[in-house]
Amino acid sequence: MNIRKNAEEDYTSEKEEEVFNALCKNWHGDSIPEFQVLSNMERFFSPESQTRILVILSDFRGQRAKTYIEDEIASFDTRKLKEAVLKNQEKNYVFLGVGLGSRYIAEHVFTDSLQITADNFYSMPNLIGSEIARLVQIHHSLR
């Protein structure tokens, strides 16, 4: 993927759309199933941390996207991700699933989710920040 945005470059709506489309359609890198990342979550947090919020940004389509969203939601990778999320929620981890693209899969896996599309891509940092602040207010407790 050779789409870049330099600091000096104007960030026009055309450039925003170009970057977003590149993220969603032109990724040719390595992919690993999200549920594999969750298997090593303990190493991402210090033992003293009280509020453990994990933000997962993905298109949640596994190695090969299915034609129908119902098939994608029922796919092996999505089922394993749901299982990993449920298992880790029992350990008091909080998840924010941020779906990229036009396939609304994150809302079927996570209790708390956002969907980033071409329409709100420019606002992504603010949307994620606001959602994290909300989750901290809900889940953080002084012990």
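Before reading further, recall that the structure is shown in the block above.
Reading the values: the criteria
- Residues numbered from 1 in each chain as written.
- Predicted model: local features only at pLDDT ≥ 70, side-chain atom pairs only at ≥ 80, totals over all residues.
- Heavy atoms only, no water.
- Phe/Tyr/Trp six-rings, centres within 6.5 Å; stacked < 30°, edge-to-face > 60°.
- Helix = DSSP H or I, 4+ residues; strand = E, 2+ residues; numbered from the N terminus.
- Buried < 20%, exposed > 50% of the residue type's maximum accessible area, 1.4 Å probe, protein only.
- Polar contact = N/O pair within 3.5 Å; in protein donor to acceptor, adjacent residues only side chain to side chain.
- Contact = heavy atoms within 4.5 Å.
- Salt bridge = Lys/Arg side-chain N within 4 Å of Asp/Glu carboxyl O.
- Core = buried A, V, L, I, M, F, W, Y, C linked by side-chain atoms within 4.5 Å.
- Pairing = 2+ DSSP bridges.
- Axes fitted to C-alpha atoms, helices over the stretch in contact; angles between N-to-C directions.

I tried to follow the packing of aromatic side chains on my own but got confused; where do I start?
In this description, a pair of aromatic rings is defined by centroid distance and the angle of the planes. Here the structure, examined in full by the defined rule, presents 4 aromatic pairs. Taking the centre distance of 5.5 Å and the plane angle of 55 degrees together, the rings of Phe 45 and Tyr 93 count as tilted. Of this pair, Phe 45 sits in the loop between helix H2 (34-38) and strand S1 (52-58) while Tyr 93 sits in strand S2 (residues 93-100), placing them 48 residues apart in sequence. The class of Phe 45 is buried, set by a relative accessible area of 18%. Tyr 93 gets classed as buried once you look at its relative accessible area, which sits at 5%.

Just checking my understanding: could you explain the side chain of Asp 112 for this structure?
Relative to the elements of secondary structure, Asp 112 occurs in strand S3 (residues 112-116). In terms of polar contacts, Asp 112 uses its side chain to reach the side chain of Arg 134, at 2.7 Å. In this view, Asp 112 contacts Phe 95, Leu 96, Gly 97, Glu 131, Arg 134 and Leu 135; residues no more than four positions away in its chain are not counted.

Explain the pattern of salt bridges to me, please; I cannot follow it from the model alone.
Charged atoms that come close allow side chains of opposite charge to pair. Counted by the stated rule, this structure contains 4 salt bridges. Where Glu 42 meets Lys 91, a salt bridge forms, and the shortest distance between an N and an O atom there is 3.5 Å. Pair noted here: Glu 42 is in the loop between H2 and S1 and Lys 91 is in the loop between helix H4 (76-89) and S2, with a separation of 49 residues, a long-range link. Residue classification places Lys 91 among the partly exposed residues on the basis of a relative accessible area of 40%. Residue Glu 83 is joined to Lys 80 by a salt bridge in which the shortest nitrogen-to-oxygen separation is 3.7 Å. Placement of the pair is Glu 83 and Lys 80 together in helix H4, with a separation of 3 residues, close to one helical turn. What makes Glu 83 partly exposed here is its relative accessible area of 46%.

Is there a simple way to think about the nonpolar core in this case?
Generally speaking, nonpolar side chains in soluble globular proteins are found buried as a group. One finds Leu 38, Leu 81, Phe 95 and Phe 110 to be the most contacted residues of the largest nonpolar core, which totals 16 residues. Those elements that place two or more of their residues in this core are H2, S1, H4 and S2. Here this core takes 3 residues from H4, the largest share from any one element. Contact partners of Leu 38, with chain neighbours within four places excluded, come to Leu 54, Ile 56, Leu 81, Ala 84, Val 85, Asn 88 and Phe 95. In this structure, Ile 53, Leu 96, Leu 100 and Ile 128 belong to the second largest nonpolar core, which totals 13 residues.

What should I look at first to understand the pairing of S2 in this one?
Sheet faces and side chains relate simply in a regular strand, where the side chains alternate between the two faces. Counting buried residues in S2 gives 8 out of 8 residues, a clear majority hidden from the surface. Covered by surrounding structure in S2 are Tyr 93, Phe 95, Gly 97 and Gly 99 together with Val 94, Leu 96, Val 98 and Leu 100, the residues of both alternating faces. Strand direction decides the pairing type here: S1 and S2, joined by 7 bridges, are parallel. Within the sheet, the bridge partner assigned to Leu 57 lies in S2 and is Val 98. Here S2 pairs with S3 via 5 bridges, running parallel. Counterpart to Leu 100 in the pairing with S3 is Ile 116.

Can you help me understand the sheet that holds S2 in this one?
Two orientations exist for strands paired in a sheet by backbone hydrogen bonds: parallel and antiparallel. If you walk across this open sheet you meet the 3 strands as S1-S2-S3, and the pairing is parallel. The open sheet has two free edges, formed respectively by S1 and S3, since each of these has just one partner strand. On average, adjacent strands in this sheet sit at an angle of 15 degrees to one another, irrespective of strand direction.

Keep in mind these numbers describe shape, not what the thing actually does.
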